[in-house]
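One letter stands for each residue in the lines below.
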Amino acid sequence: MAAGKTVPIDTIDISIQGMTCASCVGRVEKAIRSVEGVTAANVNLATERAHVEFVPSAITPTGVADAIRAAGYEPSEDALELKIDGMTCASCVNRVEKALKRVPGVADASVNLATERASIRYLGDPDIVGRLIGAVEQAGYEATVIRPEDGRADRERAAREAEIAGLRRSLLVAAALTLPVFGFEMGSHVIPAVHDWIMGTLGHRNSWYLQFALSTLVLFGPGLRFFRKGIPALLRRAPDMNSLVALGTSAAYAYSVVATFLPGVLPAPMENVYYEAAAVIVTLILLGRFFEAKAKGRTSEAIKRLMGLQAKTARVVRSGEALEIPLNQVLSGDLVQVRPGEKVPVDGELVEGSSFVDESMITGEPVPAQKSPGSEVVGGTINRTGSFTFRATRIGADTVLAQIIRMVEQAQGSKLPIQALVDRVTAWFVPAVMAAAALTFVVWLLVGPDPALTFALVNAVAVLIIACPCAMGLATPTSIMVGTGRAAELGVLFRQGEALQSLKEVRVVALDKTGTLTEGRPELTDFVTAPGVSEAEALRLVAAVESRSEHPVAQAIVAAAERRGLALPPAEGFEAEPGFGVSASVEGRRVAVGADRFMTKLGLSVTGFGDIAARLGAEGKSPLYAAIDSRLAAIVAVADPIKPSSPEAVAALHALGLKVAMITGDNRRTAEAIAKRIGIDEVEAEVLPDGKVEAVKRLRGQHGPIAFVGDGINDAPALAEADIGIAIGTGTDIAIESADVVLMSGDVRGVVNAIALSKATIRNIRQNLFWAFAYNVLLIPVAAGVLYPVDGTLLSPVIAAGAMALSSVFVLGNALRLRRFKAPAASGHALPRSRTVEGVA
């Protein structure tokens with residue numbers, strides 16, 4: 001490759017079926033990365049998805065899918081049909097097929113000229129429909145969806161429900177068959193009456209025959225799933241959790257079969273059966289898988305709620321007729337009608353009508369926003385009152401809500417640096433467990449008490465069953481899923497999953513001033529008149545003059561007058577003197593507005609307002625003066641007001657033990673006055689964007705890792721330079737590429753919530769990892785029998801199976817506690833929830 005040449009990279013997300021533990025994750029990742037042309041692969045056990053980056057010229061997604069199948073797992077495919085208009089011959093068919101097959105994620109595409117339809121199989125990519133239509137249009141044809149997909153949320157929910165239903169059926173069958181086996185064998189040992197009843201009715205040998213029949217049905221009925229996955233993995237020399245279960249149960253079962261049907265092969269003391277162990281192990285592990293599947297479904301509830309905010313259909317005006325069509329058939333430029341109480345289907349701009357729209361899901365503002373022609377609307381928001389028509393400007397994957405969902409998904413599917421340790425351990429974990437089981441068998445066979453073979457078998461099976469790579473594989477991704485989902489509900493979007501871990505290390509938070517700590521728009525804060533001058537009359541005349549100016553200060557004065565309902569008369573003879581002020585005649589009266597030097601130039605003294613001017617200066621405000629008919633009439637101050645939430649946010653950051661700095665391009669006096677009012681520790685003022693980068697570097701050198709908070713536009717260089725960039729968004733500016741974290745509303749308290757949630761999530765991950773590792777480190781030796789010489793303790797394979805199932809459920813249950821995370825700084829912003837969050841973490 002020539003130096004400096006950029007190779008295009010495509011990405012695709014693939015759903016994968018059949019993964020059960022961390023070993024599966026490592027195996028799938030290794031298989032995908034071995035494919036030539038793949039540059040990166042990240043597999044997530046909790047989401048059961050793989051995020052793959054590849055060079056499109058080197059390989060197609062089909063090759064990735066083949067590699068996944070070769071590893072023993074099944075990539076999930078979906079299908080849809082497109083109606084193709086404009087085809088006239090076989091060449092058209094060939095051209096459309098090629099265009100469709102070039103779209104990343106397409107496994108196969110077939111176009112029929114007679115029906116004018118294209119049938120496409122693709123690898124579960126949520127945004128592929130829009131890209132398919134775009135590819136057809138680029139080829140010179142038109143495409144519309146004939147059989148629209150139900151939506152990825154519905155598909156994944158259906159798949160999860162089918163999995164849970166299948167596990168429930170298998171569990172009930174296994175339990176029904178296992179109960180008599182367990183009762184016969186364990187009951188006869190524990191309860192003399194049961195032993196006597198069996199001997200007096202069935203007989204000892206017939207009891208074994210019945211146990212054989214029932215346990216065979218369990219192992220090769222509901223338990224067949226473990227053999228179907230585990231044995232091929234074992235033959236590929238890539239054993240997984242299923243392999244451990246298959247080996248353990250089959251060893252106990254085979255030993256029992258020999259004792260039952262070939263009693264002469266074994267010495268008399270060793271003629272024991274362990275059918276109940278094999279059957280109970282399968283039942284308990286199925287129980288664990290059932291609970292695990294249900295818990296996994298709950299970890300993704302935040303995404304379900306986000307997707308639930310989307311409208312299902314849209315009322316589009318085409319050819320003068322209003323048509324109700326599926327959401328994914330809306331095109332950019334369509335005119336869309338929205339009635340009271342309905343959701344806005346996509347993003348757009350009002351062209352007709354007016355209404356009040358509830359945008360709290362985006363902005364966090366509880367009061368509905370007024371919309372009129374020219375106003376922007378965001379898909380997923382709710383129209384409260386009137387009807388209106390808007391022109392669709394962003395559809396599909398380009399809408400604000402789709403961007404939010406995509407950011408949450410990317411964060412949920414990412415791997416944190418802490419996961420590297422887990423990956424290294426799980427790479428050798430299952431082979432190490434098998435080696436430990438083999439060693440246990442040999443040692444007990446050689447030095448164990450009589451019957452040595454029985455002890456060796458039972459303890460080796462216990463070692464195989466007690467090991468749980470499932471818990472290790474779920475420890476990190478489930479916490480990430482729940483944590484980032486809860487963050488989204490609180491209006492905090494982690495664009496990079498790594499930020500979830502890095503944010504907790506931050507020691508100093510630097511904030512931009514304008515638009516971050518302040519409202520970002522100047523407002524009239526002070527208007528004090530001289531004795532005998534009417535405040536309303538003076539404001540009316542001053543605003544009339546300023547209405548001729550485009551300066552932000554002038555606009556703030558005019559806005560204040562309009563809010564008070566003052567009618568502004570026309571101003572004549574308007575004059576502006578740069579650096580001094582403006583003047584004009586209003587209703588025959590000469591009005592001048594400007595700095596103190598302008599008043600001096602007009603021969604007017606401002607000393608009468610000396611005390612007020614001093615106060616304004618201390619508050620960081622620059623006073624202006626107004627003169628009417630050559631008499632000083634008022635002192636005026638316009639400032640960018642501090643957000644009400646800013647002092648609380650700074651106090652909360654201090655409570656977390658963090659230093660707080662302000663970096664701004666404003667003059668130092670104003671910046672220091674605001675910093676003093678808010679309680680900020682350090683101020684870097686009068687800096688340009690490049691200067692902000694240097695300020696970030698200086699603060700990092702003084703205090704350590706730094707988070708910079710800005711609006712994501714002028715602050716982009718500083719956002720990129722900081723260890724963590726946090727962008728203040730207001731919905732339409734949500735996809736800020738230079739930030740690691742995006743706050744959906746303009747409330748700075750979201751920074752506090754993001755840091756607190758980062759700490760809570762990493763703490764939760766460490767708890768999970770400690771449990772997963774400690775469980776295996778402590779219980780595998782116990783299962784091997786190391787305590788037997790000390791106090792005679794041995795671990796039954798049945799108890800081992802129960803403990804193994806419990807470990808995964810414990811990890812998932814602990815991760816789900818993050819759903820009850822309570823924000824330390826209530827920002828008033830939260831996405832709608834399908835139900836009330838129970839409890840407080």
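Residues numbered from 1 in each chain as written. Predicted model: local features only at pLDDT ≥ 70, side-chain atom pairs only at ≥ 80, totals over all residues. Heavy atoms only, no water.

For the protein chain, an unreviewed UniProt entry supplies the name Heavy metal translocating P-type ATPase and the organism Microvirga terrae.

This paragraph deals with the overall build of the protein chain. The secondary structure content of the protein chain amounts to 29 helices and 30 strands. In the protein chain, buried positions account for 53% of the 841 residues. A sequence separation of at least 24 residues applies to 70% of the contacts in the protein chain between residues at least 6 apart. (Helix = DSSP H or I, 4+ residues; strand = E, 2+ residues; numbered from the N terminus. Buried < 20%, exposed > 50% of the residue type's maximum accessible area, 1.4 Å probe, protein only. Contact = heavy atoms within 4.5 Å.)

This paragraph deals with the UniProt feature "transmembrane region" (unreviewed entry) in the protein chain. According to UniProt, the "transmembrane region" (unreviewed entry) feature falls on residues 170-188, 208-224, 244-266, 272-291, 425-447, 453-476, 769-788 and 794-812. End C-alpha atoms of residues 794-812 are separated by 28 Å, and the span's content is 84% helix alongside 0% strand. (UniProt positions renumbered as here; feature names shortened; annotations may be inferred.)

What follows concerns a nonpolar patch on the surface. Together, L439, V442, V443, L445, L446 and V447 give the surface a local cluster of nonpolar side chains, amounting to about 580 Å² of exposed area. Inspection of the secondary structure assignment puts L445 in helix α14 (residues 419-447). For L445, a relative accessible area of 39% gives the class partly exposed. (Patch = residues over 30% accessible without salt bridge, like charges linked within 9 Å, V, L, I, M, F, W, Y side chains within 5 Å. Areas by Shrake-Rupley, 256 points an atom, 1.4 Å probe, with all protein chains shown as cover. Salt bridge = Lys/Arg side-chain N within 4 Å of Asp/Glu carboxyl O.)

Quick look at the pairing of strand β23 (residues 589-594) now. Note: strand β22 (residues 581-586) against β23, six bridges, orientation antiparallel. When the sheet's bridge partners are listed, G581 is paired in β23 with G594. Between β22 and β23, which pair antiparallel one after the other, the connecting turn spans two residues, and E587 there sits at a positive phi close to 50 degrees. Two elements, β23 and strand β24 (residues 623-628), share four bridges in a ladder whose sense is antiparallel. Pairing of G594 across the sheet is with Y625, part of β24. (Pairing = 2+ DSSP bridges.)

Moving on: the environment of F821. Tracing the chain through its elements places F821 in the segment after α29 (797-816). Residue class for F821 comes out buried when judged on its relative accessible area of 9%. Between the C-alpha atom of F821 and that of A760, which follows or precedes it by 61 residues, the distance is 8.1 Å.

Next up on the list: the sheet that holds strand β9 (residues 313-318). Ordered in space as β10-β9-β11-β17-β12-β15, the six strands form an open sheet in which the pairing is antiparallel. This sheet does not close on itself; its edge strands, each paired only once, are β10 (321-326) and β15 (376-377). Judged from the three bridges that link them, β9 and strand β11 (residues 335-338) form a sheet pairing that is antiparallel. Across the sheet, V316 pairs through a bridge with V336, a residue of β11.

Counting 145 residues, the largest nonpolar core has M19, I32, F494, L503, V509, I726 and V751 as its most contacted members. A total of 17 residues in this core trace back to one element, the largest contributor, which is helix α27 (residues 749-784). In this view, I32 contacts V38, A41, V43, A50, V52, V64 and I68; residues no more than four positions away in its chain are not counted. Of all hydrophobic cores here, the second largest spans 41 residues; its members include L524, A530, L539 and A613. (Core = buried A, V, L, I, M, F, W, Y, C linked by side-chain atoms within 4.5 Å.)

As a further point, take helix α4 (residues 128-138). Where α4 is concerned, the buried positions are I128, V129, L132, I133, A135 and V136. Looking straight down α4, one finds its buried side chains confined to an arc of 155 degrees; they lie on one side. Directly after α4, the chain includes G140, whose backbone phi takes a positive value near 100 degrees. (Arc of directions from axis to C-beta.)

For the rest of this paragraph, the subject is the side chain of S15. As for its position among the elements, S15 is in strand β1 (residues 10-17). A distance of 2.9 Å separates the side chain of S15 from the side chain of R49, its partner in a polar contact. (Polar contact = N/O pair within 3.5 Å; in protein donor to acceptor, adjacent residues only side chain to side chain.)

Okay, the packing of aromatic side chains next. Within this structure, the stated rule accounts for 14 aromatic pairs. With 5.2 Å between their ring centres and 65 degrees between their planes, W444 and Y788 make a pair best called edge-to-face. Taken together, the residues W444 in helix α14 and Y788 in helix α28 (residues 788-791) connect sequence positions 344 residues apart. Residue Y788 is classed as partly exposed on the basis of its relative accessible area of 27%. An aromatic cluster of at least three residues, connected via ring pairs, comprises Y209, F212, F220, F227, Y253, F261 and Y275. Directly above the ring of F580 sits R597, whose terminal nitrogen or CZ lies 6.0 Å from the centroid. Here the guanidinium or amino end of K601 rests over the ring plane of F580, the centre of that ring lying 4.9 Å away. (Phe/Tyr/Trp six-rings, centres within 6.5 Å; stacked < 30°, edge-to-face > 60°. Lys NZ or Arg CZ within 6 Å of the ring centre and 35° of its normal.)

It is at 9 Å that the axes of helix α19 (residues 535-546) and helix α20 (residues 552-563) come closest, and there the two elements cross at 135 degrees. One element, α19, and the other, α20, form an angle in the oblique class. Read as a crossing pair, α19 and α20 show a hand that is left-handed. Contacts between α19 and α20 involve L539, V542, A543 and E546 from the first element and A554, I557, V558 and A561 from the second. Broken down by class, the residue content of the contact of α19 with α20 amounts to seven nonpolar, no polar and one charged. (Axes fitted to C-alpha atoms, helices over the stretch in contact; angles between N-to-C directions. Parallel < 35°, antiparallel > 145°, perpendicular 65-115°, else oblique. Left-handed = near helix turned anticlockwise from the far one by under 90°. Nonpolar A, V, L, I, M, F, W, Y, C, P; charged D, E, K, R; others polar.)

One pass over the structure, following the stated rule, counts 26 salt bridges. Where R384 meets D358, a salt bridge forms, and the shortest distance between an N and an O atom there is 2.8 Å. Of this pair, R384 sits in the loop between β16 (382-383) and β17 (388-394) while D358 is found in strand β13 (residues 355-358), placing the two residues 26 residues apart along the sequence. Residues K504 and E505 are paired through a salt bridge, measuring 2.9 Å at the closest nitrogen-oxygen approach. Given a relative accessible area of 14%, K504 falls into the buried group.

Moving on to the sheet that holds strand β14 (residues 369-371). As summarised here, the arrangement of the three strands in space is β14-β13-β16, forming an open sheet in which the pairing is antiparallel. Each having just a single partner strand, β14 and β16 make up the two edges of the open sheet. Both β13 and β16 contribute to a ladder of two bridges, which runs antiparallel. By the bridge assignment, D358 is partnered in β16 with I382.

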